[in-house]
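Descriptive structure summary
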Amino acid sequence: MKLKRPKKFSSYLMATFVVFVSLSVIVILGALHRDFGKRVESEFYEKLLAQKGQVEIILKNRFSKIHAKLWDLGSDNIIRVTLMLGAKAQLIERVTQNYQPADGIYCFVKKIGESALGPDKYPGLDKKIIDFALAENPYGDILEDGDSTRLLWLFSTSVMHQTRRMGTAYVLYDMAQDNNLMTTIHQTVDGDIAVFKYDRLFNFSNGISWPLDAKLREQITFKYDFQPLSKNVIVSKLAGFDNLYFQSSLASLINEKRKVTLWMGVFSIVILAVSTVTSVFLGKKMVKPLREMTKKAIQISEGQKDLLFETSRKNYWEFNQLSQAFNYMLRNLKHAEEHSRYKELFENVDDAVYILDQTGNILEANEAAYSRLGYSRENFFSLNLTRLIPPDDANAIIETLGKKPETQYPLKLILETCHYATDGNSVPVEIHSRAITYRGRNVILNVARDVSERIEAEEEKKQLEAQLTHAQKMEAIGTLAGGVAHDFNNLLMGIQGYISLMRLDTDPEDPHDKYLRGIEENVMSAANLTEQLLGFARKGKYTPRSTNLNFILEKSARMFTRTRKEITVHQRCDENIRDVEVDQGQIEQVLINLYLNAWHAMPDGGDLFIQTENVVLSDEYCMPYELPGGNYVKVSVTDTGIGMNQRTMDRIFEPFFTTKEVGKGTGLGLASAYGIIKNHNGIIRVYSEEGHGATFSIYLPAAEARDTEVAEVKSDLVKGSETILLVDDEEGPIMVEELMLKELGYKVLPARSGKEAIELYEANRDTLGLVALDMIMPEMSGRETYERLKEIDPDVKVLLVSGYSLNKQIEELIAMGCNGFIQKPFDILQLSQKLREVLDADQQDLKVLDNRTPEEKDN
């Protein structure tokens, strides 16, 4: 008797799945085919519209170049002169040589009152065409010229001399001869240009024409969308051109639709194949868990007690139920053995060890876990992990280790956090967490080690590294700023020197003299900017002088409002304000930084209030700032911006702290303002509320009142006749300095290096009256050159010249015997007075000696 084949549920499941998928594929592919067809057609027409736009841009660019050429022709001075003189031959020669025909563009000029053009013809352009253009003034008109068709535009403009019209300039453009235009269009788009005439549409490239009925003619004339000419050809009117059209083919659209149909067919076959394979896979997946459970049951019966049946979400619910029943039985068997093993381990570990369930409740813990934190055993066991460590860290442990299934290897997690003690303090710890099985349950084991000492050491190391990095950065910035200022001063020296020489030969009544003075003032303003850079480069070494803050405030506010028209500035300055001892450039920088900070806080504009007043600060008020009480001058800068919260105010003066987006602020503006005010023994404070603006208050110590002597200002140019050795390695400064010295009557020996200067001094030692020595030179520096000169002649007179301001290096050389210093840029008046000051120093000393009494001379 033949045995029947057993029925399999998996076979029925596979058949049902394949049928269902097949029906779904048929419905979905039908909808997709229709949708993709519309999408392909939409994308095709979007592409054509983009190409049409490109053609319009190409044509507009071409006509812009034609208008530019017409402008050049109409404004050509030579053509104006030839028209005035009536020199027709020279006119034709100028037009044919400088405005040669190219790409269908022809240029003509006609004198007013005459009918003849110059020139009256061009190769390939008959006179009848020119006459037609002048008579009809075509703008995109078609003209049949024998076997060829021309598409003509005529542009004209008047040739003017002052207000008098001299003639007319013409540009005739034949698009049919513009091969470059057609080549550009064909290389850019998949289409061509067609022109409408005589109820037909002509293609320029292939000469094909299409007849147009009245309805189609109306559609393509008054509508700018694409209209069909034939089965595979569509056209659209070009914007800005009355009878030009963009022509394209539908062949690519038809091909794309065919590809969509083909891919849909391939896709349906692939889907059917995948569904068949999937059905086979599902059948095997149903049988696989049963086989694995049978295998594990045999292994457990043979003594492998560590095995558990899988209860993954990937399994079917029925299989998981069966697995859970077996696992429950195995856990109860291992419970007693695990309990004794973990108990011994807990009590012999110095670190805090505690076990949690999968929701974070504490199940077991050693004494080290709760005694160090001040908890009793009962209180500690009533805690949840979220009350023992920060909630975010607790949730990370629970979500990572408590919610995930077991794997072959235990899950681990290491994080640095803190334990909360009963006294409110927190103890930094490093927790090693892992998922384990304890008493038949999936639990979380935490081992926590106190890392307080390690964190303190790391923080101290980070602070030292940050301080070192910041110091190195500021030193590098200072070096860079000094170098930039020095080079910029050398450039300003050339400008200032040449302006000084020009002013010597310019009468004060000359109208250009005020422009020269304006240039000099701007050079001095630029020199003030470089002075600020040099002040930063010498790390806060300022040049304080007695100053009225109202002057600085008004100057800085005027500079700020020139470029920030949306900000309304209100000034309230005390007329009897006391003077202060400050570096004017640095205080101006502080004010500008405060103005800019206010501007950023008022993006839509607002009001800026600036006030100065005399105040008296008590010793108690000044004590936190380590300053004495007394008379101070207060400057307040208040804006109506968005304001700040307390957290921002606490950090507002920290270097590199900024509330702006990355790349829009350095965070150094207010930090530098704080440093400048502090270096001036002053106080800077801020008060703000969110939504109510901010107020920055600056307190600077008032200067002691004293009588100031008005120094006599020398405004006379002082000349001389001595010979001066001029030493500078840069070509620009040495040339202008040599010219200035010669203008003052001195004889000049220029040297472009320290080595050359030594050689010239040795050869002309007896005739030289002074050495003007640049400080910064390659190979042999100014200091080395000076030391060599002193070896040759201990009595050598040297005037130091540098783009740097008076710094430590220059002060050392003056202490060694240098006779004077002048900073670039300087004008000829400053140079003349400084030279005489140095050259006449010995004579002044002799005069002082001659004025001694007879008793003093005897002594």
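This next bit is on the overall build of the protein. Helix and strand counts for the protein come out as 26 helices and 27 strands. Of all 859 residues assigned to the protein, the portion counted as buried reaches 39%. Of the contacts made within the protein by residues no fewer than 6 positions apart, 61% connect residues no fewer than 24 positions apart.

What follows is about the sheet that holds strand E11 (residues 352-356). If you walk across this open sheet you meet the five strands as E12-E11-E15-E14-E13, and the pairing is antiparallel. The sheet terminates laterally at strand E12 (362-365) and strand E13 (412-420), the two strands that pair on one side only. Averaged over all neighbouring strand pairs, the angle between strand axes comes to 30 degrees, with direction disregarded. Two elements, strand E14 (residues 426-438) and strand E15 (residues 441-450), share 10 bridges in a ladder whose sense is antiparallel. Of the residues in E15, the one forming a bridge with His 432 is Val 447. On the sheet, helix H12 (residues 391-402) packs against E13, E14 and E15 and is oriented at approximately 150 degrees with respect to E13.

Overall, the coordinates contain 21 salt bridges when judged by the stated rule. Across the pair Lys 47 and Asp 190 runs a salt bridge, and its minimum N-O distance is 3.7 Å. Here Lys 47 is found in helix H1 (residues 9-74), whereas its partner Asp 190 is found in the loop between helix H5 (179-188) and strand E5 (192-197), with 143 residues between them in sequence. Exposure remark for Asp 190: the relative accessible area of 54% places this residue in the exposed category. Put simply, Arg 454 and Glu 430 hold a salt bridge, and the shortest N to O gap is 3.4 Å.

Quick look at helix H16 (residues 584-601) now. Compared with the 26 Å implied by 1.5 Å per residue over 18 residues, the 26 Å span of H16 between its first and last C-alpha is a close match. Among the residues of H16, those classed as buried are Gly 585, Gln 586, Ile 587, Glu 588, Val 590, Leu 591, Ile 592, Asn 593, Leu 594, Tyr 595, Ala 598 and Ala 601. Between the side-chain oxygen of the N-cap and the backbone nitrogen of Gly 585 there are 3.1 Å, and the N-cap of H16 in question is Asp 583.

Membership of the largest hydrophobic core comes to 60 residues, with the highest contact counts inside it found for Leu 59, Phe 108, Tyr 173, Met 175 and Leu 244. For this core, the leading source of residues is H1, giving 13 residues. If sequence neighbours within four positions are ignored, Leu 59 has contacts with Met 175, Leu 181, Ile 193, Leu 238, Phe 241 and Leu 244. Core analysis: the next-biggest nonpolar cluster, separate from the first, contains 36 residues, Val 580, Val 582, Leu 608 and Met 649 among them.

Quick look at the packing of aromatic side chains now. Aromatic ring pairs are reported here in terms of the distance separating the ring centres and the angle at which the planes meet. Counted according to the given criterion, the structure contains 17 aromatic pairs. Here Tyr 370 and Phe 380 contribute two aromatic rings whose centre-to-centre distance is 5.9 Å and whose plane-to-plane angle is 45 degrees, an arrangement assigned as tilted. Here Phe 380 lies in helix H10 (residues 377-381) and Tyr 370 lies in helix H9 (residues 367-371), a separation of 10 residues in the sequence. The same class applies to Tyr 370 and to Phe 380, which are both buried. Note on Phe 560 and Tyr 595: the rings are 5.4 Å apart at their centroids and 50 degrees apart in plane angle, and the pair reads as tilted. Note that Phe 560 is positioned in helix H15 (residues 549-563) and Tyr 595 in helix H16, a separation of 35 residues in sequence. You'll find Phe 560 and Tyr 595 in the same group, each marked buried.

So, on to the pairing of strand E22 (residues 694-701). Burial of E22 is extensive: six of the eight residues sit out of reach of the surface. Bridging between strand E20 (residues 630-639) and E22 involves eight bridges; their strand directions are antiparallel. Opposite Thr 638, over in E22, you have Thr 695 as the bridge partner. As defined by bridge partners, strand E21 (residues 683-688) adjoins E22 across six bridges and the pair is classed as antiparallel. By the bridge assignment, Arg 685 is partnered in E22 with Ser 697. Hairpin connection, E21 to E22: the antiparallel pair is bridged by five residues, and Gly 691 has positive phi, about 85 degrees.

Positionally, Leu 501 belongs in helix H13 (residues 452-504). Leu 501 gets classed as buried once you look at its relative accessible area, which sits at 13%. The spacing of Leu 501 and Glu 743 is 242 residues in sequence and 7.7 Å in space, taken between C-alpha atoms. Look past the residues within four positions of Leu 501 in its chain and what remains in contact with it is Val 736, Leu 739, Met 740, Glu 743 and Ile 828.

This next bit is on the pairing of strand E3 (residues 148-161). Bridge analysis of strand E2 (residues 139-145) against E3 gives six bridges, and the strand direction is antiparallel. The partner of Asp 145 across the bridge, within E3, is Ser 148. Between E2 and E3, which pair antiparallel one after the other, the connecting turn spans two residues, and Gly 146 there sits at a positive phi close to 70 degrees.

Below, the discussion takes up the sheet that holds E5. Across the sheet, six strands lie side by side as E7-E6-E5-E10-E9-E8; this open sheet has antiparallel pairing. The outermost strands of the open sheet, each flanked by one partner alone, are strand E7 (209-211) and strand E8 (227-228).

This paragraph deals with the packing of helix H20 (residues 731-743) against helix H24 (residues 828-839). Here H20 crosses H24 at 65 degrees, and the two axes come no closer than 10 Å. Judged by the angle between their axes, H20 and H24 are roughly perpendicular. Our pair here, H20 against H24, has a crossing hand that is right-handed. Contact residues: Met 740, Leu 741 and Glu 743 in H20; Ile 828, Leu 831 and Leu 835 in H24.

With that settled, consider the side chain of Asp 192. Turning to its location among the elements, Asp 192 is positioned in strand E5. Lacking a salt bridge, the buried Asp 192 has Arg 62 as its closest oppositely charged neighbour, with an N-O distance of 14 Å. Polar side-chain contacts of Asp 192 include one of 3.3 Å to the side chain of His 186. Setting aside residues up to four positions removed in sequence, Asp 192 forms contacts with His 186, Asn 203, Ser 205, Tyr 245, Phe 246 and Gln 247.

Bringing the confidence of the model for the protein into the picture now. Per-residue pLDDT for the protein has a mean of 80; in total, 82% of the residues score no lower than 70. Scored below 50 in pLDDT, residues 536-541 shows 17 contacts in the model against residues more than four places distant or in partner chains. In the predicted structure, residues 846-859 sits below a pLDDT of 50 and forms three contacts with residues beyond four places in sequence or in another chain.

Residues Leu 262, Trp 263, Val 266, Val 270 and Val 274 make up a contiguous nonpolar surface patch of about 500 Å² in total accessible area. Assignment of secondary structure puts Val 266 in helix H7 (residues 251-301).

Here Asn 425 is to be found in the loop between E13 and E14. Along the primary structure Asn 425 and Leu 373 are separated by 52 residues, whereas in three dimensions their C-alpha atoms are 9.1 Å apart. Not counting residues up to four positions away in its chain, the partners in contact with Asn 425 are His 419 and Tyr 420.

This paragraph deals with unusual backbone geometry. The linkage connecting Gly 118 with the following residue, Pro 119, adopts the cis geometry, with an omega of -10 degrees. Position of Pro 119 relative to the elements: it lies in the loop between strand E1 (105-111) and helix H4 (127-136). The omega torsion across Lys 824 and Pro 825 is -5 degrees, close enough to zero to call that bond cis. Inspection of the secondary structure puts Pro 825 in the loop between strand E27 (820-823) and H24. Of note, the phi angle at Asp 103 is positive, near 55 degrees, even though the residue is not glycine.

Let us now look at H20. Since one α-helical turn is 3.6 residues long, residues separated by three or four positions face the same way. Under the 1.5 Å per step criterion, the end-to-end length of H20 is 19 Å for 13 residues, consistent within 8% with the ideal 18 Å. Among all positions of H20, only Pro 733, Ile 734, Val 736, Glu 737, Glu 738, Met 740 and Leu 741 are buried. Phi turns positive one or two residues past the end of H20, at Gly 745, with a value near 100 degrees.

Thresholds, definitions, all that
- Sequence order as written defines the numbering, with residues in each chain counted from 1.
- With pLDDT at 70 or above as the cut-off, local features in this predicted model cover only qualifying residues; side-chain atom pairs require 80 or more to be listed or tallied, and sums for whole chains, interfaces and linings still use all residues.
- To obtain the side-chain values, all non-hydrogen atoms of the structure were included, while hydrogens and water were left out.
- Helix and strand labels come from DSSP, where a helix needs a run of H or I of at least four residues and a strand needs a run of E of at least two; each type is numbered from the N terminus.
- Type-normalised accessible area, obtained with a 1.4 Å probe on protein chains alone, sets the label of each residue: buried when under 20%, exposed when over 50%, and partly exposed for intermediate values.
- By definition, residues are in contact when any of their heavy atoms lie within 4.5 Å.
- Between any two strands, pairing holds if DSSP finds at least two bridges.
- Note on geometry: axes are C-alpha line fits, over the in-contact stretch for helices, and angles between N-to-C directions span 0 to 180 degrees.
- Each salt bridge in this description consists of a side-chain nitrogen of Lys or Arg and a carboxyl oxygen of Asp or Glu lying within 4 Å of one another.
- By this rule, a helix spans an expected 1.5 Å times one less than how many residues it contains.
- In the analysis that follows, any N or O atom pair within 3.5 Å is treated as a polar contact, provided that within protein one partner can donate a hydrogen and the other can accept it, and provided that, for residues neighboring in sequence, both atoms belong to side chains.
- Think of a nonpolar core as a cluster: buried Ala, Val, Leu, Ile, Met, Phe, Trp, Tyr and Cys residues, connected wherever their side-chain atoms sit within 4.5 Å.
- Stacked, edge-to-face and tilted are the three classes for Phe, Tyr and Trp ring pairs, Trp counted by its six-membered ring, which pair at centre distances within 6.5 Å; planes under 30 degrees apart are stacked, over 60 edge-to-face, the rest tilted.
- Here the angle decides the label: under 35 degrees means roughly parallel, over 145 means roughly antiparallel, 65 to 115 means roughly perpendicular, and every other value means oblique.
- Rotating anticlockwise by less than a right angle from the far helix to the near helix defines a left-handed crossing, while the corresponding clockwise rotation defines a right-handed one.
- In this tally Asp and Glu are treated as negative and Lys and Arg as positive; neither His nor the chain ends contributes.
- The predictor attaches a confidence to each residue, called pLDDT, with possible values from 0 through 100.
- Candidates for patches are residues over 30% relative accessible area with no salt bridge; among them, like charges are joined within 9 Å and nonpolar side chains (Val, Leu, Ile, Met, Phe, Trp, Tyr) within 5 Å.
- Each accessible area value is a Shrake-Rupley result obtained with a 1.4 Å probe; residue values ignore everything except the protein chains displayed when judging cover.

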